[in-house]
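Understanding the architecture of this molecule
Here is what each chain is made of, one letter per residue.
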Amino acid sequence: MPNFTRGIHYLKKLNAANVPPDLIENGQKRVIDASLTLIRERAKLKAELLRALGGVTASASLLGVPLGHNSSFLQGPAFAPPRIREAIWCGSTNSSSEEGKELNDPRVLTDVGDVPIQELRDCGVDDDKLMNIVSESVKLVMEQDPLRPLVLGGDHSISFPVVRAVSEKLGGPVDILHLDAHPDIYDAFEGNIYSHASSFARIMEGGYARRLLQVGIRSITKEGREQGKRFGVEQYEMRTFSRDRPMLENLSLGEGVKGVYVSVDVDCLDPAFAPGVSHIEPGGLSFRDVLNILHNLRGDVVAADVVEFNPQRDTVDGMTAMVAAKLVRELAAKISK
């Protein structure tokens, strides 16, 4: 039986066996508490180390969210976080960002581990609770100054609870730079309000973003455009990228709000650069296009995510894992101060 259905079927069996609901709820609560405690204590430890070292006001901290069941096609992104970490530290390249920051310096990058998504689902935790747990995990990281969350997905559904947590914790909306082949703004894709194709509809209707800039779009439906207009989204499609490039490579965001959030769906890249994704969509950004946008972005990046890398489709000697790892490296450099 596939892992993504195991927890659901197990819970149904318990209900069918007339197991008292309070027993199930108490068990779930213990697992949730244990999961959050692990994130909290790891974040505390890393932040204490940074404060002891001194000289840092912001450090990127990896938080894995290995969730894949809200994907509309393939579930492989659930396996991405450990593969990205492996690629970051594999030794085939050095640990420096292009602008000279060293990832092996904890003042640039730390790691607080993963939210145990599959273990939670095995206990029958539903998506409402799961999204809350992801949000609470992000807030636990943000409570530990100077840590700032750099989240490893997972499918793109995770961006909703992460952005929600960032906005709520900071006390107001953020500006979002969203790099993607798709706008992910369906009201409820295939009836799933938490679909990876609906994450930005949840973000915008919740008021968690002032501006949402979507760059790299090349697979968009009538609903995607209508939803974009409804929420005032700035959608930059690849068919006009040559015209838009000068502006996109000189963005200034975050003034007057709580900061900038960057969400990078790996499929924003042309599949020539990143074949290991669930939704292969030709005609995308080059890797240097993405780096130019990120390097030149002016604004206080308070959090970010890298999502939709699918290791099960990364058949070219781990190339997409290395692409995801470099995205993490450059984002960490952008976040850290």
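Within each chain, residue numbers correspond to sequence positions counted from 1 in written order. Where totals are concerned, whole chains, interfaces and linings use all residues; where local detail is concerned, this predicted model gives features only for residues with pLDDT of at least 70, and gives and counts side-chain atom pairs only at 80 or more. Hydrogens and waters are ignored; side-chain quantities use all the structure's heavy atoms.

As recorded in an unreviewed UniProt entry, the protein chain goes by Arginase 1, mitochondrial and comes from Spirodela intermedia. UniProt positions are given in the numbering used here, feature names are shortened, and annotations may be inferred rather than shown by experiment. The UniProt entry for the protein chain carries this comment under Catalytic activity (unreviewed entry): "L-arginine + H2O = urea + L-ornithine". Quoted verbatim from the Function (unreviewed entry) field of UniProt, the annotation for the protein chain is "Catalyzes the hydrolysis of L-arginine to urea and L-ornithine. The latter can be utilized in the urea cycle or as a precursor for the synthesis of both polyamines and proline."

**A short note on the sheet that holds strand 7 (residues 260-265)**
By definition, two strands form a pair when at least two bridges between them are found by DSSP. Per the convention used, a helix needs a DSSP run of H or I reaching at least four residues, while a strand needs a run of E reaching at least two, with both numbered from the N terminus. If you trace the eight strands from one edge of the open sheet to the other, you get 2-1-3-8-7-4-5-6, paired in parallel fashion. Looking at which strands have only one partner, the edges of the open sheet turn out to be strand 2 (109-114) and strand 6 (234-237). Across the sheet, the mean angle from the axis of one strand to that of its neighbour is 15°, orientation sign disregarded. Relative to strand 7, strand 4 (residues 174-179) is paired through five bridges, and the arrangement is parallel. By the bridge assignment, Ile176 is partnered in strand 7 with Tyr261. Between N-to-C directions, angles cover 0 to 180 degrees, with each direction set by a line fitted to C-alpha atoms, over the stretch in contact for helices.

**Things to note about the packing of aromatic side chains**
Where two aromatic rings form a pair, the distance of their centres and the angle of their planes describe that pair. The aromatic pairing rule takes the rings of Phe, Tyr and Trp, using the six-membered ring of Trp, and pairs them if the centres are within 6.5 Å, calling planes under 30 degrees apart stacked, those over 60 edge-to-face and the rest tilted. Evaluated as defined, the whole model comprises two aromatic pairs. On the basis of an interplanar angle of 55° and a centroid distance of 4.8 Å, the ring pair of Tyr186 and Phe189 is categorised as tilted.

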